[in-house]
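# Chain and residue survey
Here is what each chain is made of, one letter per residue.
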Amino acid sequence: MLKVGITGGIGSGKTTLTKWLENHGVVIVDADAASRTVVEPGKPALKEIAHQFGSHFVGADGQLDRAAMRELVFSNQEKRLALEAITHPRIRKELLSQLDRALGPYVVLSSPILFESGQSQMVDLSVVVDVPEALQIKRVISRDKNRVELIRKIMATQLDRQSRLIKADIVIDNSKSVSKLHQLAA
Ligand code: ATP
């Protein structure tokens, strides 16, 4: 089975592409979804986070306050690394298990930090969804109503565009329309 990694910075269009592939029967393993799974209520990672960062990061409903966590860790590298030390090994385990269970001629691993996290070692080839940085910011603002400073901080923790492109086996340009993206991916 061929394992294909799909990556790209925040708002580059990974989900737009993988939803379309999923509709065409491709199995998608989603690192963002896995990062939510490992901190579900009752999971050991959430207990560790509460212990290390404070119980106020867990709401009355037992869920991690992801927005507060994002604000904290993307403004403080030490805290981000501490959070990643809790979550990354568990995300990795979850991804490997999902890749192992996948059926079909190929499976896609979608991750914003495929290269940064070493997850690229889990795949046979890497596809980068590429857009100029200004367009990333514009699309994320209209999707999330996030503050531009937070988006820039998140981007600063990801590879810059050029470094990501150098590592790509295949580049898909997503600077045009969604239908053009589908056309390029077909
Ligand atoms: P993240 O890393 O934050 O999860 P992502 O790479 O999965 O982001 P998407 O959520 O797929 O990115 O796309 C970001 C936003 O841009 C979404 O609102 C999406 O609908 C929109 N978008 C994606 N591709 C295009 C396009 N070609 N034209 C216009 N809008 C687009």
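Residues numbered from 1 in each chain as written. Predicted model: local features only at pLDDT ≥ 70, side-chain atom pairs only at ≥ 80, totals over all residues. Heavy atoms only, no water.

## What to know about empty space enclosed by the protein
The rolling of a water-molecule-sized probe over the atoms marks out the regions of remaining empty space. One pass over the structure, following the stated rule, counts one cavity of 30 Å³ or more. Taken as a whole, the largest cavity spans an internal volume of roughly 40 Å³. What lines the largest cavity is G8, G9, S12, V129, D130, V131, Q136, R161 and R164. Among the secondary structure elements, those contributing two or more residues to the lining of the largest cavity are β4 (125-130) and α8 (161-167). Residue classes in the lining of the largest cavity are distributed as two nonpolar, four polar and three charged. (1 Å grid on protein atoms, 1.4 Å probe; cavity = no way out; pocket = protein on both sides within 12 Å on 5 of 7 lines; lining within 4 Å. Points joined across faces, edges and corners; volume = space filled by probe spheres on them. Helix = DSSP H or I, 4+ residues; strand = E, 2+ residues; numbered from the N terminus. Nonpolar A, V, L, I, M, F, W, Y, C, P; charged D, E, K, R; others polar.)

## Some details on the site of the ligand
Contacts to the ligand come from 15 residues, most closely from K14, T15, T16, N174 and K176. Contact between the ligand and K14: an oxygen atom at 2.7 Å from a side-chain N or O atom of the residue. Calculation on the ligand without its partners gives an accessible area of 630 Å², and the protein chains cover 77% of this total. Where the shell around the ligand is concerned, the elements lending two or more residues are α1 (14-23) and α6 (133-144). (Near = heavy atom within 4 Å. Polar contact = N/O pair within 3.5 Å; in protein donor to acceptor, adjacent residues only side chain to side chain. Areas by Shrake-Rupley, 256 points an atom, 1.4 Å probe, with all protein chains shown as cover.)

## So, the environment of S12
Residue position: S12 is located in the loop between β1 (2-7) and α1. On the basis of relative accessible area, S12 is assigned to the buried category, the value being 1%. Sequence-wise, S12 and V129 are 117 residues apart; in three dimensions their C-alpha atoms are separated by 6.1 Å. Sequence-distant contacts of S12, defined by excluding residues within four places in its chain, comprise V129, V131, Q136, R139 and N174. Of the polar contacts made by the side chain of S12, one reaches the backbone oxygen of G9; its length is 2.8 Å. (Buried < 20%, exposed > 50% of the residue type's maximum accessible area, 1.4 Å probe, protein only. Contact = heavy atoms within 4.5 Å.)

## A closer look at the packing of aromatic side chains
Aromatic ring pairs: the centre-centre distance and the angle between the two ring planes describe each pair. Inspection of every chain in the model, using the stated rule, returns one aromatic pair. Ring geometry for F53 against F57: centres 6.4 Å apart, planes inclined by 85°, an arrangement best described as edge-to-face. Per residue, the accessibility class of F53 equals that of F57, and both read buried. (Phe/Tyr/Trp six-rings, centres within 6.5 Å; stacked < 30°, edge-to-face > 60°.)

## Comments concerning the sheet that holds β1
Reading across from one edge, β2-β3-β1-β4-β5 is the order of the five strands in this open sheet, with parallel pairing throughout. Each edge of the sheet is formed by a strand with only one pairing partner; in this case those strands are β2 (27-30) and β5 (170-173). Neighbour-to-neighbour, the strand axes of this sheet turn through a mean angle of 25°, independent of strand direction. By the bridge criterion, four bridges tie β2 to strand β3 (residues 106-110) in an arrangement that is parallel. (Pairing = 2+ DSSP bridges. Axes fitted to C-alpha atoms, helices over the stretch in contact; angles between N-to-C directions.)

## Things to note about the packing of α1 against helix α9 (residues 178-185)
A pair of packed helices is characterised by two quantities: the angle between their axes and the separation of those axes. One way to put it is that α1 packs onto α9 with a least axis distance of 10 Å and a crossing angle of 60°. What the angle tells us is that α1 and α9 run oblique. For the crossing formed where α1 meets α9, the hand is right-handed. Together, T16, L17 and W20 of α1 and V178, L181, H182 and A185 of α9 make up the contact between the two elements. (Parallel < 35°, antiparallel > 145°, perpendicular 65-115°, else oblique. Left-handed = near helix turned anticlockwise from the far one by under 90°.)

## Focus on α6
The terminal C-alpha atoms of α6, which comprises 12 residues, lie 16 Å apart, in line with the 16 Å expected from a rise of 1.5 Å per residue. Turning to α6, its buried residues number three or more, namely L135, Q136, I137 and V140. Here the buried face of α6 lies against α7 (148-157). Looking at the residues trailing α6, positive phi occurs at K145, about 55°. (Expected span 1.5 Å × (residues − 1).)

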